[in-house]
Protein chains: 2
Amino acid sequence: MKNIVLVKQLYRESEKFIDKTVKISGWIRTIRNSKSFGFIEVNDGSFFKNIQIVFDDTLENFKEIGKLPISSSITVIGTLVETPNAKQPFEIKANEVIIEGLSNSDYPLQKKRHTFEYLRTIAHLRPRANAFNATFRVRSLAAYAIHKFFQEKGFVYVHTPIITGSDCEGAGEMFHVTTFDLDNIPKTEDGKVDFTKDFFGKESNLTVSGQLEAEIFALSHRNVYTFGPTFRAENSNTARHASEFWMIEPEIAFADIEDDMELAEEMLKYIIKYVIDNAPEEMEFFNKFIDKGLLDRLNNVLNSEFAHVTYTEAIEILKNSGEKFEYPVEWGCDLQTEHERYLTEKKFKKPVFVTDYPKEIKAFYMRLNDDNKTVAAMDLLVPGIGEIIGGSQREERLDVLKSRIKELGLDEKDYWWYLDLRKYGETKHAGYGLGFERAIMYLTGMSNIRDVLPFPRTPKNAEF
Amino acid sequence: MKNIVLVKQLYRESEKFIDKTVKISGWIRTIRNSKSFGFIEVNDGSFFKNIQIVFDDTLENFKEIGKLPISSSITVIGTLVETPNAKQPFEIKANEVIIEGLSNSDYPLQKKRHTFEYLRTIAHLRPRANAFNATFRVRSLAAYAIHKFFQEKGFVYVHTPIITGSDCEGAGEMFHVTTFDLDNIPKTEDGKVDFTKDFFGKESNLTVSGQLEAEIFALSHRNVYTFGPTFRAENSNTARHASEFWMIEPEIAFADIEDDMELAEEMLKYIIKYVIDNAPEEMEFFNKFIDKGLLDRLNNVLNSEFAHVTYTEAIEILKNSGEKFEYPVEWGCDLQTEHERYLTEKKFKKPVFVTDYPKEIKAFYMRLNDDNKTVAAMDLLVPGIGEIIGGSQREERLDVLKSRIKELGLDEKDYWWYLDLRKYGETKHAGYGLGFERAIMYLTGMSNIRDVLPFPRTPKNAEF
């Protein structure tokens, strides 16, 4: 509609509009009225904060307005006036209130507070609730910050495939993709599923990572990144696991693990700064109502140089810490969240890269160090959450890679193209993965992954 | 690696580097040498163009360099010198050439030209071939242009779900997503597939569109967009169909079909301009080798005001055109590509919006016009391709929407949350979809969708 101004504009460029006639459209958040005048808080979707509308009985439809249910949509024409003695900086004195769409009186999001659990059951309405309104705006800004960061550095965004016929990663259980009629699955003569008759002519799954394909592009376009959905068919119902989530995987050529860590640190700081700068109202809300230490913690990250420690050193630190851990610490063990949090929260009090993990607990494609025992892996641990990024320098030596594949009982044939990359002009290269939802939880303080995904998919749940 | 300069920097900021020592790393594209000196064309992935290296027998490893196979990777330290009489503006006189990774002599991308069909079989190497190198860089830039365009307008990026338990769209065949062992599918007592035992507890599929979910967010965040993968399990092997492709779907509240068309026109021009400005070398290449009229056509779009015509008017124009069409034209028929191209290429000679289609040939959610016969739909047709965008104003009136659902034999219960949106503060809203690959074909002149997707998925093909 023409001539409508967004509430965001009113807040960000108020000097342009004060004492002028403005026209806004939005949804009623609260309404209260007396005999001759009333107030409406309107949210127009463009901005976290509402705008207050004052209306009085000089309006023809004064009575009708007073009875509007919460969430009805209206268009208001009026004058924007400053309100020096009120909470809000200004309000609109309405000359006209046009009713766009009536809401029902059984609107589920009344003023009273609802639990996040309940709100998940009405995922089609919860984006209107403050915490979710803020979360999904921050999610959008963080996604853009990531693109902006990489694009400004000349990185190429690659859409790695979602449906994949290869099972190279071996990182957890996968979802099958099929067009078979499940009631009537074609079989071969010896009674097995005849995948040659399926849509892709072979067994197909949803991807668990775009890394291996991103490596293809790092060796043609040098610095690249993926940003897309990935999937895990794991039957785990925790606050940190979803079956469908988004991941960012940069991959850089002519680069080693040091370059990789530099990039990760710079990226994380960039995202944090971008969100704090571009969503100050939302971040204030999170800091006040969701997670009281949030802004301090994020500002601390912005202003720290991240620490570096090898896995071997970390194990020593943990052993000598005097802490009682649930899981015992020995060289060779995987670090648990309790260990990670001790390192980043108590020992270093800032983000810390742990590097050079035992090869036994890391993936086949990570570059073997000269000690023959560890690989050039790096995990970034941050206060309040633990691991947020995992990466490595990749094994570029064809013979070493082949023997690692053999060692792990994998089949070389499945990796023909991945090995080809090592045959035709291999170079040092490295990369890492950032789970997007984990980053959003970190940025907002929201503690359940179901509340940072617009429509979370978890075991037994694919609603909306 | 430290102190390395990208070839892109050499080209874009050459004045900073001329007559200075520079260090670059990249892959050998061509090499030729005589007894005492030689030339190497190196591409470093950061830039479409190569940099020429001159090396001579003062180098220790002169002989070794001369024998390097194509695609070997090297690091070169030398002086950047201007070459006023040569094709290229400058070259590097090498002081040192370090061999990073040897390529094999059976490298498939030798200098001779390969067919695009053959290159599809080596999708792990084809991003190194010029046409694909350029296509995938343009793809990345276009994706970023889309984010930039919407974010600068304050739109919220929404990740609509990939796996969906609802079948609201009904737009074509879907891929099933399951964790069932296909050899052993659980059945209910009456012999049917027991989906309650599947991962999500119900039948689940890959999404065909995020529109309905985007509407949820338009009614909370006002102006939103999706940009994600979508799927069609159609067994069609054409140059314009893929089973997995990316789509952009903006959705705007308090907006009608006019606003929708304005947004689509502005967006398309923005993307074109961004790509022309940011990939001049690539676009020149496409214009010269792939599609000779490309830049003229795109510039024409940039400088036109798009035309508008109703479907009813378009039918009259086509009937009176004197053209012989393969498919006859009558009011009520779907427009075929031949009709679309006549309208945009011969009649209007620029992009044209066709609006107000018969309700019978459009989806249930499009807003019914007052004539009760047509809906507020719009398709954007562009010269050289036909339809590139399809959109509509959405039906916001609960009663009309319900009767349309009934009319089409759909089940109201499947749309409970979609109908709820009309109950709780409905407003005018509108949106459209842009197929990303079709846009890339349009921007580059590449004529097969398999060549603008990094790893295309089509019937019987999910390699890499």
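In every chain, residue numbers begin from 1 and rise along the written sequence. Written order decides the labels, with chains lettered from A and ligands numbered from 1. Residues qualify for local features only when their pLDDT is at least 70, as the model is predicted, and side-chain atom pairs are given and counted only at 80 or more; totals for whole chains, interfaces and linings, by contrast, use all residues. Note that the side-chain values use all heavy atoms of the structure and ignore hydrogens as well as water.

1. Re the overall build of chain A
Right, on to step 1. Numbered from the N terminus, helices here are DSSP runs of H or I no shorter than four residues, and strands are runs of E no shorter than two. On a plain count of helices and strands, chain A comes out with 13 helices and 16 strands.
Right, on to step 2. Whether a residue is buried, partly exposed or exposed follows from its accessible area with a 1.4 Å probe, protein chains only, as a fraction of its type maximum: under 20%, in between, or over 50%, in that order. Across the 464 residues of chain A, 61% fall into the buried class.
Right, on to step 3. Here a residue-residue contact requires only that any non-hydrogen atoms of the pair lie within 4.5 Å. Sequence-distant contacts, at least 24 apart, represent 66% of the contacts inside chain A between residues at least 6 apart.
Right, on to step 4. Working note: accessible area of chain A is about 18,500 Å², and carbon and sulfur atoms make up 47% of it.
Right, on to step 5. For the purpose of charge, His is not counted, nor are the chain termini; Lys and Arg are scored as positive and Asp and Glu as negative. Each charge is placed at NZ for Lys, CZ for Arg, CG for Asp and CD for Glu. Between the mean site of the 60 positive side-chain charges and the mean site of the 73 negative ones, chain A shows a separation of 5 Å. Accessible areas in this description were obtained via Shrake-Rupley with a 1.4 Å probe; residue shielding takes into account the shown protein chains only.

2. Quick word on the interface of chain A and chain B
Right, on to step 1. Opposite the 120 residues of chain A that make contact, chain B presents 121 residues.
Right, on to step 2. Note on definitions: buried area is the accessible-area loss of two parts on being combined, 1.4 Å probe, summed for both. Here chain A meets chain B over a buried area of about 9,700 Å², counting both sides, of which 61% is carbon and sulfur.
Right, on to step 3. Throughout this description, the term salt bridge denotes a Lys or Arg side-chain nitrogen within 4 Å of a carboxyl oxygen of Asp or Glu. Where chain A packs against chain B, one counts four salt bridges.
Right, on to step 4. Across the pair A:Asp44 and B:Arg222 runs a salt bridge, and its minimum N-O distance is 3.4 Å.
Right, on to step 5. By residue number, the principal contributor to the side of chain A that touches chain B is helix α4 (residues 130–152) of chain A, which donates 12 residues.
Right, on to step 6. Bridge count for strand β8 (residues 176–178) of chain A against strand β8 (residues 176–178) of chain B is three bridges, and the pairing is antiparallel. Bridging across to β8(B), A:Val177 finds its partner in B:Val177. Any two strands between which DSSP finds at least two bridges are classified as paired.

3. Observations concerning the sheet that holds strand β5 (residues 90–101) of chain A
Residues and elements named next belong to chain A.
Right, on to step 1. The strand order around the closed barrel formed by five strands is β1-β2-β3-β5-β4, and the pairing between neighbours is mixed. Mean inter-strand twist for the sheet, computed between neighbouring axes without regard to direction, equals 55°.
Right, on to step 2. Sheet topology places strand β4 (residues 73–82) next to β5; 10 bridges connect them, and they run antiparallel. Along β5, the bridge assignment pairs Leu80 with Ile92. Each axis is a line fitted through C-alpha atoms, taken for helices only over the stretch in contact, and angles between the N-to-C directions span 0 to 180 degrees.

4. Structural notes on the pattern of salt bridges
Residues and elements named next belong to chain A.
Right, on to step 1. Within this structure, the stated rule accounts for 53 salt bridges over all chains.
Right, on to step 2. A salt bridge links Glu265 to Lys269; the shortest N-O distance between them is 2.9 Å. Placement of the pair is Glu265 and Lys269 together in helix α6 (residues 257–278), with a separation of four residues, close to one helical turn.
Right, on to step 3. Taking relative accessible area as the criterion, Glu265 reaches 14% and is therefore assigned buried.
Right, on to step 4. One salt bridge in this structure joins Arg397 and Glu395, with 2.7 Å as the shortest N-O distance.
Right, on to step 5. For Arg397, a relative accessible area of 25% gives the class partly exposed.
Right, on to step 6. You can call Glu395 buried: its relative accessible area is 0%.

5. Observations regarding the relation of the copies chain A and chain B
Right, on to step 1. Alignment of the copies relies on least squares applied to C-alpha atoms, considering only residues that score at least 70 for pLDDT in both. Each copy superposes on the other: chain A lies on chain B with an RMSD of 0.0 Å after a rotation of 180° and an axial shift of 0.0 Å. On the angle and the small slide along the axis, the relation comes out as a two-fold axis. Residue A:Val177 of chain A places its C-alpha closer to the rotation axis than any other residue of that unit, at 2.5 Å.
Right, on to step 2. Most of the interface of chain A is mirrored in chain B: 100% of its interface residues are interface residues there too.

6. Focus on the confidence of the model for chain A
Right, on to step 1. As a per-residue measure, pLDDT reflects the predictor's confidence and takes values from 0 up to 100. Considering every residue of chain A, the mean pLDDT works out to 95; 98% of them sit at 70 or more.
Right, on to step 2. The ipTM assigned to the predicted complex is 0.97, against a pTM of 0.97.

7. Some points on the packing of aromatic side chains
Right, on to step 1. The rule is short: rings of Phe, Tyr and Trp, with Trp giving its six-membered ring, pair when the centres are within 6.5 Å, and they are stacked under 30 degrees, edge-to-face over 60, tilted in between. Applying the stated criterion across every chain yields a total of 73 aromatic pairs over all chains.
Right, on to step 2. Relative to B:Phe254, the ring of A:Trp27 lies with its centre 4.9 Å away and its plane at 55°, an arrangement referred to as tilted. One end of the pair, A:Trp27, is in strand β1 (residues 21–33); the other, B:Phe254, is in the loop between β11 (244–253) and α6 (257–278), on a second chain.
Right, on to step 3. With a relative accessible area of 6%, A:Trp27 lands in the buried category.
Right, on to step 4. Plain terms: the ring middles of B:Phe199 and B:Phe200 are 4.9 Å apart, the flat faces sit at 75° to each other, and that makes the pair edge-to-face.

8. Some points on helix α7 (residues 280–290) of chain A
Right, on to step 1. Every buried residue of α7(A) is listed here: A:Glu281, A:Glu282, A:Met283, A:Phe285 and A:Phe286.
Right, on to step 2. Against the buried residues of α7(A) lie α1 (7–12), α4, α6, α8 (294–303) and α13 (436–444) of chain A.

9. A closer look at the domain arrangement of chain A
Residues and elements named next belong to chain A.
Right, on to step 1. Entries for chain A in the domain assignment read domain 1 (7–101) and domain 2 (128–171 + 208–451).
Right, on to step 2. Here the bounds of each domain stem from an automatic or database domain assignment. Just the C-alpha atoms count here: the centres of domain 1 and domain 2 sit 45 Å apart.
Right, on to step 3. Contact residues are listed per partner, giving eight residues for domain 1 and 10 residues for domain 2.
Right, on to step 4. Counting the surface lost from both domain 1 and domain 2, the interface buries some 780 Å², and carbon and sulfur atoms represent 42% of this.
Right, on to step 5. Taken together, the connections running from domain 1 to domain 2 amount to one salt bridge.
Right, on to step 6. Arg12 is paired through a salt bridge with Glu281; the nearest N and O atoms lie 3.0 Å apart.
Right, on to step 7. Polar contact is the term for a pair of N or O atoms within 3.5 Å; when the atoms are in protein, one must be able to donate a hydrogen and the other to accept it, and sequence-neighboring residues count only if both atoms are side-chain atoms. Where domain 1 meets domain 2, there are six residue pairs in polar contact (both at pLDDT 80 or more).

10. Considering the sheet that holds strand β6 (residues 156–157) of chain B
Residue and element names in this part refer to chain B.
Right, on to step 1. Taken in spatial order, the eight strands make up an open sheet running β6-β10-β11-β16-β15-β14-β13-β12, and their pairing is mixed. The open sheet terminates on both sides in strands that have one partner only, identified here as β6 and β12 (307–310).
Right, on to step 2. Summarising the sheet, strand β14 (residues 374–382) and strand β15 (residues 386–393) pair through six bridges and their orientation is antiparallel. Note that in β15 the partner of Leu381 across the bridge is Glu387.
Right, on to step 3. Across the sheet, helix α4 (residues 130–152) lies against β6, β10 (223–231), β11 and β16 (429–435), angled at about 150° from β10, the strand it touches most.
Right, on to step 4. Packed onto the sheet, helix α9 (residues 311–319) meets β12 and β13 (352–358) and runs at close to 90° relative to β12.

11. Regarding the pairing of strand β4 (residues 73–82) of chain B
All names here are of chain B.
Right, on to step 1. The buried fraction of β4 is high, at seven of 10 residues.
Right, on to step 2. As judged from the seven bridges shared by strand β1 (residues 21–33) and β4, these two strands associate in the antiparallel manner. Its bridge partner lying in β4, Gly26 is registered against Ile74.

12. Section: the packing of α4(B) against α6(B)
All names here are of chain B.
Right, on to step 1. Between α4 and α6, whose axes approach to 9 Å, the crossing angle comes to 135°. Judged by the angle between their axes, α4 and α6 are oblique. With respect to the hand of their crossing, α4 and α6 are arranged in right-handed fashion. Between α4 and α6, the contacting residues are Val138, Leu141, Ala142, Tyr144, Ala145, Ile146, Lys148, Phe149, Phe150 and Glu152 on the first element and Leu263, Glu266, Met267, Tyr270, Ile271, Tyr274, Val275 and Asn278 on the second.
Right, on to step 2. Taken together, the residues of the contact of α4 with α6 break down into 14 nonpolar, one polar and three charged. Roughly parallel covers angles under 35 degrees, roughly antiparallel covers those over 145, roughly perpendicular covers 65 to 115, and oblique covers all other angles. Left-handed describes a crossing in which the near helix is turned anticlockwise from the far one by less than a right angle; the clockwise case is right-handed. In this count, Pro and Cys sit with the nonpolar residues alongside Ala, Val, Leu, Ile, Met, Phe, Trp and Tyr, while Asp, Glu, Lys and Arg are called charged and the others, Gly among them, polar.

13. Some details on the side chain of A:Ser72
Right, on to step 1. As for its placement among the helices and strands, A:Ser72 is situated in the loop between α2 (62–66) and β4.
Right, on to step 2. Here A:Ser103 takes part through its backbone nitrogen, which lies 2.9 Å from a polar atom of the side chain of A:Ser72.
Right, on to step 3. Sequence-distant contacts of A:Ser72, that is, excluding residues within four places in its chain, are made with A:Gly26, A:Trp27, A:Ile28, A:Gly101, A:Leu102, A:Ser103 and B:Gly425.

14. What about a positive patch on the surface?
Residues and elements named next belong to chain B.
Right, on to step 1. On the surface, Arg32, Lys49, Lys87, Lys288 and Lys292 cluster together into a patch of positive charge.
Right, on to step 2. Note on placement: Lys87 falls in the loop between β4 and β5 (90–101).
Right, on to step 3. Look at Lys87 and you get exposed, because its relative accessible area is 85%. Within the patch definition used here, like charges are joined within 9 Å and nonpolar side chains (Val, Leu, Ile, Met, Phe, Trp, Tyr) within 5 Å, considering only residues with over 30% relative accessible area and no salt bridge.

15. What about the pairing of strand β2 (residues 37–43) of chain B?
Right, on to step 1. Bridging between β1(B) and β2(B) involves six bridges; their strand directions are antiparallel. Of the residues in β2(B), the one forming a bridge with B:Trp27 is B:Asn43.

16. Observations regarding the packing of α4(A) against α7(A)
Residues and elements named next belong to chain A.
Right, on to step 1. Where α4 contacts α7, the axes come no closer than 10 Å and their chain directions differ by 135°. In terms of orientation, α4 and α7 fall into the oblique class. In terms of crossing hand, the pair formed by α4 and α7 is left-handed. In this structure, α4 contributes Asn130, Ala131, Ala134, Thr135, Arg137 and Val138 to the contact, and α7 contributes Glu282, Met283, Phe285, Phe286 and Ile290.
Right, on to step 2. For the contact of α4 with α7, the class distribution of residues is seven nonpolar, two polar and two charged.

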